[in-house]
Amino acid sequence: MPRVYNFSAGPAVLPEEVLRKAADEMMDFHGCGMSVMEMSHRSSVFRGIIEQAEADLRELLNIPENYDVIFVQGGDSLLFASVFMNLARNGKADYILTGNWAKKAFKEAQILGDAAEIASSADKNFSYIPDCSDLPIREDTSYVYICENNTIYGTKYPELPNTKGHTLVADQSSMFLSEPVDVTRYGLIHAGVQKNVGPAGVQIVIVRHDLVPEDLPGVPTMLRFKTQIDANSLYNTPNCWGIYVCGLVFKWLKERGGLDQMRAVNEHKASLLYNFLDESELFSSTVVPSDRSLMNVPFVTGDKELDANFVAEAEQAGLVNLKGHRTVGGMRASIYNAMPVAGVEALVSFMKKFELENGRA
Ligand SMILES: *Cc1c(COP(=O)(O)O)cnc(C)c1O
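Residues numbered from 1 in each chain as written. Predicted model: local features only at pLDDT ≥ 70, side-chain atom pairs only at ≥ 80, totals over all residues. Heavy atoms only, no water.

A. The arrangement of the side chain of Ser334 in detail. You can see Ser334 is positioned in strand E14 (residues 331–334). In terms of polar contacts, Ser334 uses its side chain to reach the side chain of Asn296, at 3.0 Å. Other than its neighbours up to four places away in sequence, Ser334 contacts Asn6, Phe7, Ser8, Ala9, Met295 and Asn296. (Helix = DSSP H or I, 4+ residues; strand = E, 2+ residues; numbered from the N terminus. Polar contact = N/O pair within 3.5 Å; in protein donor to acceptor, adjacent residues only side chain to side chain. Contact = heavy atoms within 4.5 Å.)

B. Structural context of the pairing of strand E4 (residues 114–120). Here strand E3 (residues 92–97) pairs with E4 via 6 bridges, running parallel. Among the inter-strand pairings, Asp94 is bridged to a residue of E4, identified as Ala116. Where the polypeptide runs from E3 across helix H4 (residues 100–112) and back to E4, its parallel neighbour, the crossover connection is right-handed. (Pairing = 2+ DSSP bridges. Right-handed = clockwise from strand over helix to strand, strands pointing away.)

C. Representation of the pattern of salt bridges in the model. Tallied over the entire structure, the rule returns 20 salt bridges. Between Lys156 and Glu179 there is a salt bridge, with the nearest N and O atoms lying 2.6 Å from each other. In this pair, Lys156 is assigned in strand E7 (residues 155–156) and Glu179 in the loop between strand E8 (167–171) and strand E9 (188–192), connecting sequence segments 23 residues apart. On the basis of relative accessible area, Lys156 is assigned to the buried category, the value being 14%. Among the residues examined, Glu179 registers a relative accessible area of 10% and is labelled buried. Notably, a salt bridge pairs Glu255 with Arg256, separated by 3.9 Å at the nearest N-O pair. Its relative accessible area of 64% is what places Glu255 among the exposed residues. Linked by salt bridges that have partners in common, Asp56, Glu59, Lys251 and Lys254 make up one network. (Salt bridge = Lys/Arg side-chain N within 4 Å of Asp/Glu carboxyl O. Buried < 20%, exposed > 50% of the residue type's maximum accessible area, 1.4 Å probe, protein only.)

D. Up close: the packing of aromatic side chains. Inspection of every chain in the model, using the stated rule, returns 13 aromatic pairs. Residues Tyr95 and Tyr145 carry aromatic rings whose centres are separated by 4.8 Å and whose planes lie at 25° to one another, so their mutual orientation is stacked. Highlighted residues: Tyr95 in strand E3 and Tyr145 in strand E5 (residues 143–147), separated in sequence by 50 residues. In this structure Tyr95 comes out as buried when scored by relative accessible area, which is 0%. Look at Tyr145 and you get buried, because its relative accessible area is 1%. Every member of this aromatic cluster is reached through a ring pair, and the members are Phe276, Phe283, Phe299, Phe310, Phe350 and Phe354. The ring of Tyr128 carries Lys124 above its face, with NZ or CZ at 5.6 Å from the centroid. (Phe/Tyr/Trp six-rings, centres within 6.5 Å; stacked < 30°, edge-to-face > 60°. Lys NZ or Arg CZ within 6 Å of the ring centre and 35° of its normal.)

E. Seen up close, the sheet that holds E5. The 7 strands are arranged E2-E10-E9-E8-E5-E3-E4 in an open sheet whose pairing can be described as mixed. In this open sheet, the two edge strands, each paired with only one partner strand, are strand E2 (67–72) and E4. Taken pair by pair, the neighbouring strands of this sheet meet at an average axis angle of 20°, ignoring direction. Alignment of E8 against E9, held across 3 bridges, turns out to be parallel. (Axes fitted to C-alpha atoms, helices over the stretch in contact; angles between N-to-C directions.)

F. Up close: the sheet that holds E14. One open sheet accounts for 3 strands, arranged E11-E12-E14; its pairing is antiparallel. Strand pairing shows two members of the sheet lacking a second neighbour, strand E11 (284–285) and E14, which therefore form its edges. Here strand E12 (residues 296–300) pairs with E14 via 4 bridges, running antiparallel. Bridge pairing in E14 links Pro298 to Arg332.

G. Quick peek at the packing of helix H6 (residues 240–255) against helix H7 (residues 258–279). Orientation of H6 relative to H7, taken along the N-to-C sense of each, is 80°, at an axis distance of 7 Å. Viewed along their axes, H6 and H7 adopt a mutual orientation that is roughly perpendicular. On H7, the residues touching Trp252, Leu253 and Lys254 of H6 are Gly258, Leu259 and Met262. For the contact of H6 with H7, the class distribution of residues is 4 nonpolar, 1 polar and 1 charged. (Parallel < 35°, antiparallel > 145°, perpendicular 65-115°, else oblique. Nonpolar A, V, L, I, M, F, W, Y, C, P; charged D, E, K, R; others polar.)

Written out as structure tokens, the structure is:
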């Protein structure tokens, strides 16, 4: 079976070069006589792997010295709680609701304290990003929370919200390392790596050091960011294999010229697809043009039966995992860093053919 073009939203496609390298190093990592999965996380070899991964990540994102970087576990969904526990010092935080993941983060915060909804795009099924230029942010809020790229709905903030001087916290899971970001504009960035960076089971937190509390009474050890910061992410056994593969992806990104270059390629791929969607008689984008994601592209025909036929026929043609999320319906193509331009070209030509065959072009 040849490799398919995999448009899954996550876990998702990884670079072929990275998979080959991981396979090559599987039986014997750099002369150790064992794989990374089998070695102690306290070994000097593994320390080398995690330290190099952090250094490469810092270089890629240009992360300043006064930000900590940790690799953690528990799912990005656990961070919805731990972010609030660590950063909402007075128990108050403000949330912008742009889809399921932002809503889930908001719900966790509501369990733990006083979380306020300050904007939402629920009125139009999250097909746009609300105007964030003058939000009713509470004077004493600890932070303003966004999900910057909405994996399910295919929206992305065209610009960051005006937080009126308050700390910005962003879930960047499905856009992490897809383009350069100015880390200094955020207090905290978190991301599950299974969307754009690596295998499931690792989350990355980038947090400005002065926001990390020294003492957090009542908060379990593993939920305090300081625990893993002080231990360089080795307080307990980390996801060694996952961190190793993330490190290979960081190297792959550096070899390709870093995030400026990734942005150029990602913009090119996304425009191939959006330009076709905007011209098509059959298919259309579900998102307003100004707020479209470069990574997740939902689209519909408007006819459920045709949508289902499309997904099934595409799969036969080696274009897989195109079924949309149940809350949007239709299709969704996730075109992460590792999706080659040829994969998007193949998808667009398949869509053209399908449109002709279905008598709409
Ligand atoms: C997938 C996803 C999550 C959830 O990640 P888990 O690791 O499954 O908990 C959170 N936020 C965004 C934006 C996502 O795309």
